[in-house]
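Summary of the model geometry
Residues per chain are reported as follows:
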Amino acid sequence: MARNLVIVESPAKAKTIEGYLGKDFVVKSSFGHVRDLAKKGLAIDIENNFSPQYEVTPDKKQVVSELKKLVKEAETVWLATDEDREGEAISWHLYEALNLDKKETRRITFNEITKPAILKAIERPRDINKELVDAQQARRVLDRLVGFELSPVLWKKVKPSLSAGRVQSVAVRLIVEREKEIQQFESGSFYRIQGIFKSTKGDFTAEYDAQPTDVNNAKSVLEACGKSAFNVADLQTKPAQRKPAAPFTTSTLQQEASLKLGFSVTRTMSVAQRLYEAGKITYMRTDSVNLSQTAIGSANKEIVRVFGENYANPTTYKTKSAGAQEAHEAIRPTDFSVHHISSERDEEKLYELIWKRTMASQMAHAKLERTTITVAGEHLEKHFKAKGEVVKFDGFLKLYMESNVDGNEEDEKESASDKLLPAVQVGELLSYKTVKATQRFSRPPSRFVEASLVKKLEELGIGRPSTYAPTISTIQKRGYVEKLEREGALREYAVLELKNGSISQDSATETTGKEKNKLSPTDIGTIVTEFLSEHFSGIMDYHFTAKVEQEFDEIAKGLREWTDMIHTFYQPFHQNVENTLEHSERATGERELGVHPDSGKKIIARMGRFGPMIQIGDEQTDGEKPLFASLRKEQSISNISLEQALDLFKLPRMLGEIDEQAVKVNNGRFGPYVQVGKLFVSIPKGEDLMAITLERATELYRAKLEEEANKLIKSFPEREDIQVLNGRWGAYIKAGKNNYKIPKTQEASELTLEDCLELIEKQSSAPQKGKRKPAKRA
DNA sequence: CAGTGAGCGAGCTTCCGCTTGACTT
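Residues numbered from 1 in each chain as written. Chains lettered and ligands numbered in written order. Predicted model: local features only at pLDDT ≥ 70, side-chain atom pairs only at ≥ 80, totals over all residues. Heavy atoms only, no water.

Summing up its helical and strand segments, chain A has 22 helices and 30 strands in all. Reported as C-alpha extents along the three principal axes, the dimensions of chain A are approximately 90 × 80 × 70 Å. For chain A, the residues scored as buried account for 46% of the 778 residues in total. Of the contacts formed within chain A by residues at least 6 apart in sequence, a portion of 68% connects residues at least 24 apart. (Helix = DSSP H or I, 4+ residues; strand = E, 2+ residues; numbered from the N terminus. Buried < 20%, exposed > 50% of the residue type's maximum accessible area, 1.4 Å probe, protein only. Contact = heavy atoms within 4.5 Å.)

Put into structure tokens, the structure is as follows:
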């Protein structure tokens with residue numbers, strides 16, 4: 001029988017630690033928090049000094065009862081939860097829930113899972129730090145008060161089932177404000193002038209030191225170039241260094257996995273979880289860039305072994321982000337000699353990323369040589385400059401290059417300057433091959449992707465490693481934010497070229513604004529943000545979390561009572577909730593678009609009971625029933641034009657008949673479509689549905705019919721509802737509205753009606769087993 | 001692949017942060 005019971009938070013950790021301790025120790029896990037504020041109601045007794053009502057979380061009942069049993073058998077209980085505010089609270093809740101005896105309980109902490117660290121911790125036990133626990137209670141109670149008082153305000157003033165909170169509401173605000181900046185952005189254009197120059201040692205490209213905004217000015221520069229002789233006015237070569245990035249934290253791992261592997265933050269976390277459980281990496285929810293001495297040692301041994309002595313540079317990193325609690329190490333491989341693992345593709349790729357990043361962090365700086373050639377032309381006001389970069393010693397670059405999550409791909413392309421320049425001499429005469437002036441455009445700020453939103457939240461100290469991914473899911477689930485794909489638009493730009501003494505002018509086109517997986521606010525997200533910002537500016541302040549964190553720190557230091565802090569916050573906050581409930585208008589996001597050209601009635605866009613809509617007229621003012629129309633896919637209250645709004649009332653457009661079937665043009669849930677009888681044909685992107693003629697509709701209809709005919713492999717005259725069709729992933733059976741798979745062993749074209757019925761029978765009776773996919777959104 | 005846009009009222013929704021499996025769709 002074990003005399004010592006050690007309780008940690010994570011089961012994988014428990015297994016590792018049990019290996020380090022003798023047979024006198026049994027190590028179990030609490031699976032995180034075991035108690036929380038009661039799920040129903042506020043569970044905070046406001047009248048009674050904010051006394052919290054805790055209960056064992058339903059899914060932890062079993063964990064608690066098992067731990068209770070083990071406690072009875074043990075002489076000493078070691079509470080070894082994480083060394084941070086939440087970890088301290090978990091220990092205290094365990095102490096309470098398990099009815100522990102103070103004399104037989106020890107609190108220990110360690111922030112790396114190594115044998116020496118744990119043995120050392122066992123030698124230095126302490127008591128539960130009640131002040132730190134109180135800081136957590138303040139955090140928990142504040143979040144409940146904010147969430148459970150604000151959300152009901154939204155139910156009354158905006159829409160049922162909405163939610164608000166210290167973290168999520170600010171996350172949505174970031175996206176809403178960014179969208180506003182983009183809408184208000186006015187793009188300007190300028191000319192980038194680049195010359196290709198000939199030297200005795202070879203050609204190189206150099207850029208003119210000014211970017212004229214006017215095409216005539218750009219032209220005069222080219223004209224001056226045409227009349228000029230050129231020479232190398234200056235040549236500078238400077239040594240430079242590049243440093244590796246720090247080891248991964250949760251947030252930087254999410255960013256790099258998003259950029260380099262295209263993973264969503266949820267996918268990154270679940271892959272990392274599997275690597276952690278398999279013992280391949282350390283804990284994946286951390287805000288620390290710190291590596292244990294053992295890890296630094298073995299990383300450097302591996303670097304020396306593989307790359308040689310001069311590539312090693314043991315480095316300790318300091319955490320920069322605000323509010324970091326550093327209960328764990330950085331995310332790193334557990335064994336540096338394992339360069340690759342054999343597993344699922346995702347796991348292999350993420351492991352390799354983690355291995356490279358950690359190794360690189362312990363490698364030598366890269367040594368570079370930056371060269372600038374300055375080219376002077378006799379009739380020019382400014383110089384041309386060519387910048388080149390040569391890697392003299394690659395160092396960590398051998399393994400890893402960090403990406404930039406905020407960056408706009410186009411920017412990166414344009415700023416690339418790792419080219420090699422020819423070895424020219426100062427004073428050397430040059431001639432131009434061509435000089436080009438290309439029209440460029442200033443760009444609006446880019447929309448957030450999941451990973452860049454996480455980065456921003458972390459910078460503001462909002463949210464924790466364990467909540468970044470869930471927060472992003474929540475704001476999408478609530479319908480505040482959606483991931484959109486934008487097609488982009490064609491844009492024309494001017495190109496002037498000087499060649500052989502003459503200047504030509506041409507125009508070219510490029511696609512701009514093409515986007516994928518970018519987060520955009522929905523109408524409801526915008527309305528809720530505006531409502532909350534108007535009435536609860538304190539909580540919507542980007543620095544609100546940082547401010548209350550300071551107060552939590554004071555509580556943790558014993559300088560302040562937690563109930564006192566909550567009281568000070570709650571008084572005005574609650575008053576504000578009451579006032580808002582009583583005095584504020586319903587928020588509908590109403591926006592006046594103008595007046596109807598014929599009737600002179602007011603036209604507004606607003607949120608209705610069933611979603612965003614357009615209303616013409618108002619019963620109150622003009623005594624007649626108003627007209628209504630719902631907004632369609634990809635339209636929103638904030639940016640719909642009067643013209644588009646009026647078009648909605650012209651829908652559906654009846655175009656006439658094809659083969660005696662009515663032809664309708666409309667904009668539906670999946671976008672604009674033509675409907676002929678029962679058949680829907682979507683209108684290709686870029687075509688204006690208001691401009692579709694009967695002829696065009698007929699064309700689209702015929703094409704669709706042909707496509708449908710090509711899909712058909714087989715049909716049965718006796719059962720018209722059953723067809724064998726060719727789909728994107730191969731043949732399948734369509735029966736009524738349902739589709740059924742055809743096993744690979746069967747040839748689709750040879751199926752009889754009986755075969756089909758049998759397959760249908762089999763697949764509809766037996767529940768689908770085998771592949772268990774992670775649950776998708778309902 | 002729409003149009004709906006009234007009102008009554010029961011009973012429900014909701015927060016953040018710590019951890020993993022379990023539903024049989």
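Right, let's talk about the sheet that holds strand β30 (residues 738–741) for a bit. Read across the sheet, 4 strands follow the order β27-β28-β29-β30 without closing on themselves; strand pairing throughout is antiparallel. The open sheet has two edge strands with one neighbour each: β27 (712–716) and β30. With strand direction ignored, the average angle separating the axes of adjacent strands in the sheet is 25°. Here 6 bridges tie strand β28 (residues 719–727) to strand β29 (residues 730–735), and the two strands are oriented antiparallel to one another. Counted as the bridge partner of Gln-723 is Lys-734 from β29. (Pairing = 2+ DSSP bridges. Axes fitted to C-alpha atoms, helices over the stretch in contact; angles between N-to-C directions.)

Our next topic: the packing of aromatic side chains. Evaluated as defined, the whole model comprises 16 aromatic pairs. Here the aromatic rings of Phe-50 and Tyr-570 are separated by 5.6 Å at their centres, their planes lie at 80°, and the arrangement is edge-to-face. Residue Phe-50 is located in the loop between β4 (44–45) and β5 (51–52), and its partner Tyr-570 is located in helix α18 (residues 562–583); the two are separated by 520 residues in the primary sequence. Each ring, one from Tyr-276 and one from Tyr-283, has its centre 5.1 Å from the other, and the planes form 75°; the classification is edge-to-face. Taken individually, Tyr-276 and Tyr-283 each receive the classification buried, so the pair is uniform in this respect. Each member of the aromatic cluster is reached from another via a ring pair, and the members are Phe-197, Phe-204, Tyr-208, Phe-230, Phe-384 and Tyr-432. Across the ring face of Trp-92, the terminal group of Arg-35 is positioned such that the distance to the ring centre comes to 5.8 Å. Just above the ring of Phe-148 sits the side chain of Arg-144; from NZ or CZ to the centre is 4.2 Å. (Phe/Tyr/Trp six-rings, centres within 6.5 Å; stacked < 30°, edge-to-face > 60°. Lys NZ or Arg CZ within 6 Å of the ring centre and 35° of its normal.)

We now examine the protein's contact with DNA strand B. Residues in close proximity to DNA strand B total 55 residues, the closest being Ser-10, His-33, Ser-161, Tyr-283 and Ser-630. Close to the protein, within 4 Å, the atoms of DNA strand B are drawn from sugar and phosphate at a rate of 54%. Gln-168 has a polar side-chain atom sitting 2.7 Å from a phosphate oxygen of DNA strand B. When residues of the surface near DNA strand B are traced back to their parent elements, those giving at least two are α5 (130–157), α9 (265–277), β21 (611–616), β22 (627–630) and β25 (671–676). Counting residues per element, the surface near DNA strand B draws most heavily on α5, at 9 residues. Along the lines of polarity and charge, the residues of the surface near DNA strand B split into 19 nonpolar, 19 polar and 17 charged. (Near = heavy atom within 4 Å. Polar contact = N/O pair within 3.5 Å; in protein donor to acceptor, adjacent residues only side chain to side chain. Nonpolar A, V, L, I, M, F, W, Y, C, P; charged D, E, K, R; others polar.)

A few words now on the packing of helix α6 (residues 168–184) against helix α15 (residues 523–535). α15 packs onto α6 with a crossing angle of 110° between their chain directions and a minimal axis gap of 9 Å. Considering the angle they form, α6 stands roughly perpendicular to α15. Along the contact surface, α6 presents Ser-169, Val-172, Arg-173, Val-176 and Lys-180, while α15 presents Gly-525, Thr-526, Thr-529, Glu-530, Leu-532 and Ser-533. A per-class count over the contact of α6 with α15 returns 3 nonpolar, 5 polar and 3 charged. (Parallel < 35°, antiparallel > 145°, perpendicular 65-115°, else oblique.)

The pairing of strand β14 (residues 429–441) with strand β16 (residues 489–499) spans 5 bridges and is classified as antiparallel. Each bridged residue has a counterpart across the sheet, and for Val-435 the counterpart in β16 is Leu-498. Bridge analysis of β16 against strand β17 (residues 502–512) gives 11 bridges, and the strand direction is antiparallel. Across the sheet, the residue bridging to Lys-499 is Ser-502, located in β17.

Bringing α6 into the picture now. Taking 1.5 Å of rise per residue, the 17 residues of α6 would be expected to cover 24 Å, and the 25 Å separating its terminal C-alpha atoms lies within 8% of that figure. Of the positions making up α6, those classed as buried are Gln-168, Ser-169, Val-170, Ala-171, Val-172, Arg-173, Leu-174, Ile-175, Val-176, Glu-179 and Ile-182. (Expected span 1.5 Å × (residues − 1).)

Moving on to the pattern of salt bridges. Tallying each qualifying case throughout the model produces 43 salt bridges. Residues Lys-433 and Asp-203 are paired through a salt bridge, measuring 2.6 Å at the closest nitrogen-oxygen approach. One end of the pair, Lys-433, is in strand β14; the other, Asp-203, is in strand β10 (residues 202–208), and 230 residues separate them in sequence. Classification of Asp-203 as partly exposed rests on a relative accessible area of 36%. The network of salt bridges with shared partners includes Glu-86, Arg-139, Asp-143 and Arg-166. (Salt bridge = Lys/Arg side-chain N within 4 Å of Asp/Glu carboxyl O.)

The N-to-C vectors of α6 and helix α13 (residues 450–459) enclose an angle of 120°; their axes lie 11 Å apart at closest approach. Classified by the angle between their axes, α6 and α13 sit oblique to one another. For the element pair α6 and α13, the recorded crossing hand is right-handed. Here Ala-171, Leu-174 and Ile-175 of α6 lie close against α13, whose contacting residues are Leu-453, Lys-456 and Leu-457. When the residues that make up the contact of α6 with α13 are grouped by side-chain class, the tally is 5 nonpolar, no polar and 1 charged. (Left-handed = near helix turned anticlockwise from the far one by under 90°.)

Take it as geometry only, folks, not as evidence of what the structure does.
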